[in-house]
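This is what each chain is made of:
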Amino acid sequence: MKESERILFTDFLASMDKKFIESGWITVSAECLHSALVSDEKLSDVLSRYEWDLIRGSNGVSEIWSNGKWSFCHEGIDVLEPFVLYRSANYDIDNYVELSQDFRVLLNMHERYVSPTERHFVVDNENGDWEKVAEINGINIRIKLTVLRKYLALRKMNLLLFFDEMRYSQQSFMELGLTPVMNQIVKDADYIYNYSSLVNCHADGNKSGGWIVGKCVLRYREKDYNLESFNQDDKQYAEFIYGYDDEGEPKLHSCKKDTLSNYFVANGDNPLEMTPIFFKKEVLDKYYSNPNKYTVSDGSVGCEGSWSLYIDNDHRSYVIVPLVYLGNLEYSEQLYWKGYNVSPEKDMGVSKTAYTRWKEVNICNPMFPDLYFKSCFKQFNKKWENQFGWPLFLPLVEEDEHRYKTLHCLTTENNHSDFDEQILSMTKLVIDSFNQKCIQSEIDDSNPDVESYLKQKNFSSSTELKAGIDKFQAFLLSEGMNCPDMVDFLRKVQSLRSNSVAHRKSNKRKDLAKLYEYFKLDEFSEQQVLEDIFVKMVRTLKTLEKFFMPQTSDNNE
């Protein structure tokens, strides 16, 4: 940019003409910029003069001395409403700015501290993600335009942007090819400003300059917050594969409810709302990997506070969702699921669990090993506490609470890291959570089987036992329950936890070879092995329930 253009504020006026909007964001505060709200009724009067109507620091409230006392009053809001609050500070605190509280609270913004001079404001969008919509850096404020427009339309208020800037040059007006002007007022429908040349500005080697003072308006638009628009569905909907045509090509259809048939009304040849749509099981990995945000449970997946989706996850290889339910997701989330959409094969269908729930509208337990185990585990521990006054398994510590939430069978045949993670979660949930204090208090050291067990361990008292499994085995013997295979299974799972898959495959130690053989990791996929571990864990709970609480046991494994 030429020096003469800089002095004439060519770039600044171009920004003003765009209302200081750039890449979808608007600047509402800067060194030379301030802003306030103005109604339609006051707008024409305000735009009739270039002077600022609300000086920086006039934040809408003040105290005045009247009739011999101080009293509170609103300042200037009969004409303008402060939008950016400028706070003058003293001593070691720099001047800073704040955004209107009404704006932040109405749009449910949350403040995120970045540094002493930088703050971000975020909102929880419909996908459950935190979206930045405003930022403050020093006295500079930028706001996402769509958010600001929504607020202005709701308030039926216009945003007035005041500007005041001086620029200097070390070249004279003659060198710049300019003729000095004074009080050159320029007015248009959305702005008014006064430009004057700075003639007597000889400090710091300056020979010329320019000064611009004025204001422009960003008018609200009814369409940005039209209540009638809430009845209009302008949402995007993805198409999903639901079958094949006569040529063997996949058939796709939108998940928009209005385009689908149902059991009562046909919509041409369009598929039914409850048409099952199939997805690779890996679609759930995204949600398992972020338990602080998402929850995958029996029959549903959801983002806390944002959305939930009914699913049929009672299968090994795929997940099923009724076509109409997919329409409840935001478009971006629909596209994520679309990436895992597969064509339905001849032997694919909804699970018995989903059929009972969706078609027969009855309650039933899941059948797939991980879902069934988690259901049984909670029920068992509650029954045990009701029977004995103490839980057999203690709650997970806070840092491990996600272990139960994310415990699941593998979504692919082999995944070393996920397999190890699930074994770790299983161990922490069951073996590491034994209520050792209460178990210890119930052991009868005088029981012959307990005495024999302690002798094998070279202990004279059960109080010398340290491991939770050892105490649990002594407790079982004390109660007359001798199940060496069950206890050995728990010990093997604990050993599996201590050795990763990669370590086991590269290590030739005999104990690891036996562990490998016990779980048949050479014969079956990690997916199948983990499913078998879940099944045996269920069997363990059922065996304990049948022995200790026969009146509550359903004898089903």
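Cut-offs used in this document
- Residues numbered from 1 in each chain as written.
- Predicted model: local features only at pLDDT ≥ 70, side-chain atom pairs only at ≥ 80, totals over all residues.
- Heavy atoms only, no water.
- Helix = DSSP H or I, 4+ residues; strand = E, 2+ residues; numbered from the N terminus.
- Rg over C-alpha atoms; globule rule 2.2 N^0.38 Å.
- Contact = heavy atoms within 4.5 Å.
- Pairing = 2+ DSSP bridges.
- Axes fitted to C-alpha atoms, helices over the stretch in contact; angles between N-to-C directions.
- Parallel < 35°, antiparallel > 145°, perpendicular 65-115°, else oblique.
- Nonpolar A, V, L, I, M, F, W, Y, C, P; charged D, E, K, R; others polar.
- 1 Å grid on protein atoms, 1.4 Å probe; cavity = no way out; pocket = protein on both sides within 12 Å on 5 of 7 lines; lining within 4 Å.
- Points joined across faces, edges and corners; volume = space filled by probe spheres on them.
- Patch = residues over 30% accessible without salt bridge, like charges linked within 9 Å, V, L, I, M, F, W, Y side chains within 5 Å.
- Areas by Shrake-Rupley, 256 points an atom, 1.4 Å probe, with all protein chains shown as cover.
- Salt bridge = Lys/Arg side-chain N within 4 Å of Asp/Glu carboxyl O.
- Phe/Tyr/Trp six-rings, centres within 6.5 Å; stacked < 30°, edge-to-face > 60°.
- Buried < 20%, exposed > 50% of the residue type's maximum accessible area, 1.4 Å probe, protein only.
- Lys NZ or Arg CZ within 6 Å of the ring centre and 35° of its normal.
- Left-handed = near helix turned anticlockwise from the far one by under 90°.
- Core = buried A, V, L, I, M, F, W, Y, C linked by side-chain atoms within 4.5 Å.
- Arc of directions from axis to C-beta.
- Polar contact = N/O pair within 3.5 Å; in protein donor to acceptor, adjacent residues only side chain to side chain.
- Lys, Arg positive; Asp, Glu negative; His and termini not counted.
- Charge placed at Lys NZ, Arg CZ, Asp CG, Glu CD.

Some thoughts on the overall build of the chain
Reasoning step 1: When helices and strands are tallied, the chain shows 20 helices and 24 strands.
Reasoning step 2: Against the compact-globule benchmark of 24 Å for 557 residues, the chain has a radius of gyration of 35 Å, which places it well outside the compact range.
Reasoning step 3: Projecting the C-alpha coordinates of the chain onto the three principal axes gives extents of approximately 110 × 70 × 60 Å.
Reasoning step 4: Expressed as a percentage of contacts within the chain between residues at least 6 apart in sequence, the contacts between residues at least 24 apart total 65%.

With respect to the sheet that holds strand β23 (residues 318-322)
Reasoning step 1: Taking strand neighbours across the sheet as the criterion, the 3 strands line up as β23-β19-β24 in an open arrangement whose pairing is antiparallel. Both outer strands of the open sheet, β23 and β24 (341-342), are each paired with one neighbouring strand and no more.
Reasoning step 2: For strand β19 (residues 276-280) and β23, the ladder comprises 5 bridges, and the chain directions are antiparallel. Within the sheet, the bridge partner assigned to Phe278 lies in β23 and is Ile320.

Remarks on the packing of helix α13 (residues 416-429) against helix α20 (residues 526-548)
A pair of packed helices can be characterised by two numbers: the angle between their axes and the separation between those axes.
Reasoning step 1: In contact at an axis separation of 10 Å, α13 and α20 are set at 10° when each is read in the N-to-C sense. Here α13 is positioned roughly parallel relative to α20, judged by the angle of their axes. Taking contact as the criterion, the partners of His416, Phe419, Gln422, Ile423 and Met426 in α13 are, on α20, Glu526, Val529, Leu530, Ile533, Phe534 and Met537.
Reasoning step 2: Of the residues assigned to the contact of α13 with α20, the class counts are 8 nonpolar, 2 polar and 1 charged.

A look at the sheet that holds strand β15 (residues 191-197)
Reasoning step 1: Spatially, 6 strands are ordered β6-β3-β13-β16-β15-β14 in an open sheet, and the strand pairing comes out antiparallel. Bordering the open sheet on either side are β6 (80-82) and β14 (184-188), each of which pairs with just one other strand. Geometrically, the sheet is characterised by an average inter-axis angle of 20° between neighbouring strands, direction not taken into account.
Reasoning step 2: Where strand β3 (residues 33-38) and strand β13 (residues 158-169) come together, 6 bridges link them in antiparallel fashion. Within the sheet, the bridge partner assigned to His34 lies in β13 and is Phe162.
Reasoning step 3: Packed on one face of the sheet, helix α2 (residues 10-17) meets β13, β15 and β16 (208-218) and runs near 175° to β13.
Reasoning step 4: On top of the sheet, helix α5 (residues 145-155) reaches β3, β6, β13 and β16; it is set at about 55° to β16, its chief contact.

Considerations on empty space enclosed by the protein
Reasoning step 1: Across all of its chains, the model carries 1 cavity of 30 Å³ or more by this definition.
Reasoning step 2: Roughly 30 Å³ of volume is contained in the largest cavity.
Reasoning step 3: Along its surface, the largest cavity is lined by Gln473, Leu476, Leu477, Met481, Asn482, Cys483, Pro484 and Val487.
Reasoning step 4: Looking at the lining of the largest cavity element by element, the count peaks at 3 residues for helix α16 (residues 468-478).

Looking at a nonpolar patch on the surface
Reasoning step 1: A surface patch of nonpolar side chains, amounting to about 480 Å² of accessible area, comprises Tyr263, Phe264, Val265 and Leu272.
Reasoning step 2: Note on placement: Val265 falls in the loop between β18 (250-254) and β19.

Re the packing of aromatic side chains
For any two aromatic rings, the description comes down to two numbers: the centre-to-centre distance and the angle of the planes.
Reasoning step 1: This structure, assessed with the given rule, holds 37 aromatic pairs.
Reasoning step 2: For the pair Tyr287 and Tyr294, a centre-to-centre distance of 4.8 Å together with 80° between the ring planes defines the contact as edge-to-face. By the burial criterion, Tyr287 is buried, and Tyr294 matches it.
Reasoning step 3: Its guanidinium or amino end placed over the ring of Tyr336, Lys286 lies 4.3 Å from that ring's centre, counting from NZ or CZ.
Reasoning step 4: Positioned over the ring face of Tyr518 is Lys492, at 5.0 Å from the centre of the ring.

Observations regarding the packing of helix α11 (residues 369-388) against α20
Reasoning step 1: Two numbers describe how α11 lies on α20: the axes approach to 9 Å, and their chain directions differ by 25°. Our classification of the angle between α11 and α20 gives roughly parallel. Where α11 crosses over α20, the handedness of that crossing is left-handed. For the pair α11 and α20, the contacting residues are Pro369, Asp370, Tyr372, Phe373, Cys376, Phe377, Phe380, Lys383, Trp384, Gln387 and Phe388 in the first and Glu531, Phe534, Val535, Met537, Val538, Leu541, Lys542, Leu544, Glu545 and Phe548 in the second.
Reasoning step 2: Each residue belonging to the contact of α11 with α20 can be placed in one class, and the counts come to 15 nonpolar, 1 polar and 5 charged.

What about the nonpolar core?
Reasoning step 1: Ranked by internal contacts, the top residues of the largest apolar core, which has 56 residues, are Phe373, Leu392 and Phe472.
Reasoning step 2: Broken down by secondary-structure element, the contributors of at least two residues to this core are α11, α13, α15 (448-456), α16, α17 (484-497), α19 (510-518) and α20.
Reasoning step 3: With 9 residues, α20 is the largest single contributor of residues to this core.
Reasoning step 4: Residue contacts for Phe373: discarding those within four places in its chain leaves Leu407, Met426, Leu429, Val430, Phe534, Met537, Val538 and Leu541.

Comments concerning α15
Reasoning step 1: Along α15, the positions that sit buried rather than exposed are Val450, Tyr453 and Leu454. Buried residues of α15, viewed axially, fall in a sector of 95°; they line one side. Away from its buried face by more than 90 degrees, α15 exposes Pro448, Lys455 and Gln456.
Reasoning step 2: In this structure, the buried side of α15 is in contact with α16 and α17.
Reasoning step 3: At the N-terminal boundary of α15, the capping side chain belongs to Asn447, with an oxygen 2.9 Å from the backbone nitrogen of Asp449.
Reasoning step 4: Within two residues after α15, Asn458 carries a phi angle of roughly 60°, on the positive side.

Considerations on a negative patch on the surface
Reasoning step 1: Together, Asp245, Asp246, Glu247 and Glu249 make up a region of like negative charge exposed at the surface.
Reasoning step 2: Within the secondary structure, Glu247 sits in the loop between β17 (239-244) and β18.

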